[in-house]
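# Chains, contacts and geometry: an overview
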Amino acid sequence: MILLALATQADAQSLEPRAYANAPLGTNFLLAGATWSEGDVAFDPSVRLEDGDARIQAAVLAYVRTFGAAGRAGNIGVALPVARFSGSAVHEGSPQTREISGLGDPAVRVAWNFYGAPALGPAEFARYRQDLIVGASLVVQAPLGQYDPDRLLNLGTNRWSFRPELGVSKALGPWILEAQAGGAWFTDNDDFFGGRRTSQDPIYSTQMHVTRQFAGGGWLALSATHYRGGETSVEGGPPSTPLSGTRAGVTFSLPLSPGKSLKFFASTGLSARTGTDFDTLGVAWQALWFDAK
């Protein structure tokens, strides 16, 4: 949830290891995180900027709760991001600068593991050992972030986005291998930069993760994602060049005490033929508790 909420403008570029891990019924997660990103962070392919350089400091608060459906485990979560953006670029030959702070688009994620993840209470879950898990999820981002139609770059997008995904997770002793495939679909923005309408094609993406679990609950994940698509048209005009790129990242989870942990993550662009190319560092604190019986 941390990574999804902080990737409001880069739906297909977030890296999410252990996104389909099983958890006991009645588990509640509270998460708070922060990221620092720098590089060519484009907020919309229709914004044709050159020589761009951007810096984003973002924070997010998220809550996730597990549930059971048809005997299988799932979870639902909501995340609220805030961010500070500053950057410079050249737009149609004219230098531009922008600084803004405020609310980003909040995200809601629903996931359900329909194979290999039985819905178990905490006592039963203590005896559970993962084998193969297959699940699906849907992320919805609402256009509630800060948005000014007289500006080219904004924290909010002024449109809905929907991201369905299918994930597979296989445990091999202390190792977990994961693969995910999905896409991001967008409604039109009918008030883009002076009242114009923009539409964007879906962005398709795949992810791969290799996670090593350690005694005591810690784990380390190496991740990679490739994305393509997202051509944008303004007022039905010719589409922009499609986005295309590959990113890699690492995530480390460090247990602090029973029910609490810290996650450190970093990612960078390996290739970006078109679209964004940025580096990100982040940290997230997580606390979990079970419903009282």
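Structure shown above.
Now for a description of the structure that goes with this document. All figures in this text were calculated on a predicted structure; none of them were measured in a lab.

### Details of the overall build of the protein
Counting its secondary structure elements, the protein contains two helices and 16 strands. Once local pairs closer than 6 in sequence are excluded, the contacts in the protein between residues at least 24 apart make up 65%. Surface exposure of the protein reaches about 13,600 Å², of which carbon and sulfur atoms provide 61%.

### Considering the packing of aromatic side chains
Considering all chains together, one arrives at six aromatic pairs under this definition. Between Phe 125 and Tyr 128, the aromatic rings sit 5.3 Å apart at their centres with planes inclined by 25 degrees, giving stacked as the arrangement. For the pair shown, Phe 125 and Tyr 128 are each scored as buried. Consider the rings of Trp 185 and Tyr 204, whose centres lie 5.6 Å apart with planes at 85 degrees: the pair is edge-to-face. Of this pair, Trp 185 sits in strand β8 (residues 175-186) while Tyr 204 sits in strand β11 (residues 203-213); the two residues are 19 residues apart in sequence, bridging distant segments of the chain. Among the residues examined, Tyr 204 registers a relative accessible area of 46% and is labelled partly exposed.

### Overview of the nonpolar core
Counting residues in hydrophobic clusters, the biggest one holds eleven residues: Ala 54, Ile 56, Ala 58, Ala 83, Phe 85, Ile 100, Leu 152, Leu 153, Leu 155, Phe 192 and Val 234. At the level of elements, β2 (49-69) and β3 (72-91) are the ones that each hand at least two residues to this core. Among the elements that make up this core, the one with the highest residue count is β2 (three residues). If you look at the next biggest cluster of nonpolar residues, it comprises seven residues, including Ala 23, Leu 31, Val 60 and Val 64.

### Digging into a negative patch on the surface
A contiguous patch of negative charge, built from Glu 38, Asp 40, Asp 277 and Asp 279, is present on the exposed surface. Only β1 (27-40) and β16 (277-290) provide two or more residues apiece to the negative patch. Locating Asp 277 in the fold gives a position in strand β16. You can call Asp 277 partly exposed: its relative accessible area is 39%.

### Describing the side chain of Arg 163
Among the secondary structure elements, Arg 163 is positioned in strand β7 (residues 161-172). Here Glu 16 takes part through its side chain, which lies 2.9 Å from a polar atom of the side chain of Arg 163.

### Quick word on the environment of Ala 179
Structurally, Ala 179 is set in strand β8. C-alpha of Ala 179 to C-alpha of Thr 225: the two residues are 46 residues apart in sequence and 9.7 Å apart in space.

### Considering the pattern of salt bridges
One pass over the structure, following the stated rule, counts six salt bridges. The salt bridge partner of Arg 163 is Glu 16, with a shortest N-O separation of 2.9 Å. You can see Arg 163 sitting in strand β7 and its partner Glu 16 sitting in the loop between α1 (2-6) and β1, a full 147 residues away along the chain. Each member of the pair, Arg 163 together with Glu 16, is buried. Here Arg 197 and Asp 188 are joined by a salt bridge, their closest N and O atoms 3.5 Å apart. Given a relative accessible area of 41%, Arg 197 falls into the partly exposed group. With a relative accessible area of 34%, Asp 188 lands in the partly exposed category. One connected set of salt bridges, linked through shared partners, spans Glu 16, Arg 163 and Glu 165.

What counts, and where the lines are drawn
- Residues numbered from 1 in each chain as written.
- Predicted model: local features only at pLDDT ≥ 70, side-chain atom pairs only at ≥ 80, totals over all residues.
- Heavy atoms only, no water.
- Helix = DSSP H or I, 4+ residues; strand = E, 2+ residues; numbered from the N terminus.
- Contact = heavy atoms within 4.5 Å.
- Areas by Shrake-Rupley, 256 points an atom, 1.4 Å probe, with all protein chains shown as cover.
- Phe/Tyr/Trp six-rings, centres within 6.5 Å; stacked < 30°, edge-to-face > 60°.
- Buried < 20%, exposed > 50% of the residue type's maximum accessible area, 1.4 Å probe, protein only.
- Core = buried A, V, L, I, M, F, W, Y, C linked by side-chain atoms within 4.5 Å.
- Patch = residues over 30% accessible without salt bridge, like charges linked within 9 Å, V, L, I, M, F, W, Y side chains within 5 Å.
- Salt bridge = Lys/Arg side-chain N within 4 Å of Asp/Glu carboxyl O.
- Lys, Arg positive; Asp, Glu negative; His and termini not counted.
- Charge placed at Lys NZ, Arg CZ, Asp CG, Glu CD.
- Polar contact = N/O pair within 3.5 Å; in protein donor to acceptor, adjacent residues only side chain to side chain.

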